[in-house]
Amino acid sequence: MTDHSANDDAADDVATRLAKVKARVRDALRRAGRPDDDATIVAVSKRQPAEAVQAAYLAGQRHFGESYVQEALPKLERLESLGAEWHFIGRIQSNKTRSIAERFDWVHTLERPGIAHRLGSQRPAYAPPLNVLLQVSLAGESQKGGVRPEELRALADAVLGEPRLSLRGLMTIPPADLDTDSARRYFAQLQTLFRELADGGYELDTLSMGMSADFELALEQGSNCVRVGTAIFGARD
Ligand SMILES: *Cc1c(COP(=O)(O)O)cnc(C)c1O
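Just so you know, these numbers come straight off a predicted model, no measurement behind them.

(A) Spotlight on the overall build of the chain. Each helix and strand counted, the chain has nine helices and eight strands in total. Its C-alpha atoms give the chain a radius of gyration of 18 Å, within 12% of the compact-globule value 18 Å for 237 residues. With respect to the principal axes defined by its C-alpha atoms, the chain has extents near 60 × 40 × 35 Å. Across the 237 residues that make up the chain, the buried fraction comes to 50%. Contacts spanning at least 24 positions in sequence make up 57% of the contacts within the chain whose residues lie at least 6 apart. Working note: accessible area of the chain is about 11,600 Å², and carbon and sulfur atoms make up 47% of it. Separation of charge centres in the chain, based on 30 positive and 34 negative side chains, amounts to 2 Å.

Okay, structure coming up:
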């Protein structure tokens, strides 16, 4: 036995997988004729221990995503000294908005004007405005979260009305059962909506689409922010 511990092994695994994900993101961007640094990787650390986040940070990762406020708060506290950027990517319950407004740098999952108002009034004065993405649903009833395209502008305007929020872009989670062609079309549709809003005068720079199973497909369709969990950290608890 050496003194190389199980923790070190787990950290090596995270670093190795992260390097592979980075290479795949770079290759997908090159195939699309885009610069190597054209997309942000958000490492989704929900249901992963703080040690795994630390390992990814040591390997150069700076953006992390969490889905459950209750689980995230102690983790963020423990890792505060890292100075990482934290993205909230879970469903937003109205009784949790204060913690999100106080602790996170980004929210990907805004779907209602009332929540925009809560986050805007609860964002502390000492922090920069909270970066906000609107979660869009293009699949109608079959899909859980997200605002319908018809209601998108009203939601965008609600965010613009909050000085403590910064409207940055759109996010989507395609239905889980789509085949490759349907997923490609789905991502393409969101890119079209993104461009329509941008052409309509909204200043947007972030299109958050793609997870472990489909981030290359999403990057082909214009994503510049992928949310990758299991491909970096391995299976969740
Ligand atoms: C869990 C989660 C991810 C990451 O999923 P993986 O398949 O593990 O990459 C991305 N986005 C959202 C919104 C999630 O909830």
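Back to the text.
(B) Local environment of the nonpolar core. Counting residues in each nonpolar core, the largest one holds 66 residues, and the members touching the most others are Val-25, Phe-64, Leu-110, Leu-119, Leu-134, Leu-170 and Ile-232. Discounting residues that sit within four places of it in the chain, Leu-119 has contacts with Ile-92, Thr-97, Ile-100, Ala-101, Val-107, Leu-110, Leu-130 and Leu-165.

(C) Region of interest: the confidence of the model for the chain. Averaged over all residues, the pLDDT of the chain is 95; the fraction at 70 or higher stands at 97%. Least confident of the elements in the chain is helix 1 (residues 6-31), whose mean pLDDT is 94; most confident is strand 5 (residues 130-135), at 99.

(D) Structural context of the site of the ligand. Of all residues adjacent to the ligand, which total 13 residues, the nearest are Lys-46, Ser-212, Gly-229, Thr-230 and Arg-236. Between the ligand and Lys-46, the relevant distance is 2.7 Å, taken from an oxygen atom to a side-chain nitrogen or oxygen of the residue. Ser-212 is positioned such that a nitrogen or oxygen atom in its side chain is 2.5 Å from an oxygen atom of the ligand. Its free accessible area being 390 Å², the ligand has 88% of it covered by the protein chains. Considered class by class, the residues forming the shell around the ligand number six nonpolar, four polar and three charged.

(E) Broad picture of the pairing of strand 2 (residues 63-66). On strand 2, burial covers both faces: His-63 and Gly-65 on one face and Phe-64 and Glu-66 on the other are all buried. Sheet topology note: the strand 1 (residues 40-44)/strand 2 ladder contains two bridges and is parallel. Across the sheet, Ala-43 pairs through a bridge with Phe-64, a residue of strand 2. Following the chain from strand 1 across helix 2 (residues 50-58) to the adjacent parallel strand 2, one finds a crossover that is right-handed. Two elements, strand 2 and strand 3 (residues 85-88), share four bridges in a ladder whose sense is parallel. Following the sheet pairing, His-63 is matched in strand 3 by Glu-85.

Calculation rules
Per-chain numbering applies: the sequence of each chain, read as written, is numbered from 1 onward. Local features are withheld for residues below a pLDDT of 70 in this predicted model, meaning they are given only at 70 or higher, and side-chain atom pairs are given and counted only at 80 or more; totals for whole chains, interfaces and linings count all residues. With hydrogens and water excluded, all non-hydrogen atoms of the structure serve as input to the side-chain values. Only DSSP runs of H or I with at least four residues qualify as helices, and only runs of E with at least two residues qualify as strands; both kinds are numbered from the N terminus onward. Taken over C-alpha atoms, the radius of gyration is set against a globule rule of 2.2 Å times the number of residues to the power 0.38. The buried label goes to any residue with under 20% of its type's maximum accessible area, the exposed label to any with over 50%, and the partly exposed label to all in between, with areas taken from a 1.4 Å probe on protein chains only. By the convention used here, residues are in contact when the closest approach between their heavy atoms is within 4.5 Å. Surface exposure here means Shrake-Rupley accessible area, sampled with a 1.4 Å probe, where a residue is shielded only by the protein chains that are shown. Lys and Arg are tallied as positive, Asp and Glu as negative. Neither His nor the chain termini are counted. Charge coordinates come from a single atom per side chain, which is NZ of Lys, CZ of Arg, CG of Asp or CD of Glu. Only buried residues count toward a nonpolar core, which is a set of Ala, Val, Leu, Ile, Met, Phe, Trp, Tyr and Cys residues joined through side-chain atoms within 4.5 Å. Predictor confidence is given residue by residue as pLDDT, running from a minimum of 0 to a maximum of 100. What makes a residue near a molecule or strand is one non-hydrogen atom of that residue sitting within 4 Å of it. Any N or O atom pair separated by 3.5 Å or less is treated as a polar contact, with the protein-specific requirement of one donor-capable and one acceptor-capable atom, and with residues adjacent in sequence counted only for side-chain atom pairs. Put simply, Ala, Val, Leu, Ile, Met, Phe, Trp, Tyr, Cys and Pro go in the nonpolar bin, Asp, Glu, Lys and Arg in the charged bin, and everything else, Gly too, in the polar bin. Strands are treated as partners if at least two bridges between them are detected by DSSP. With the strands pointing away from the viewer, any crossover whose connection runs clockwise from the first strand over the helix to the second is right-handed.

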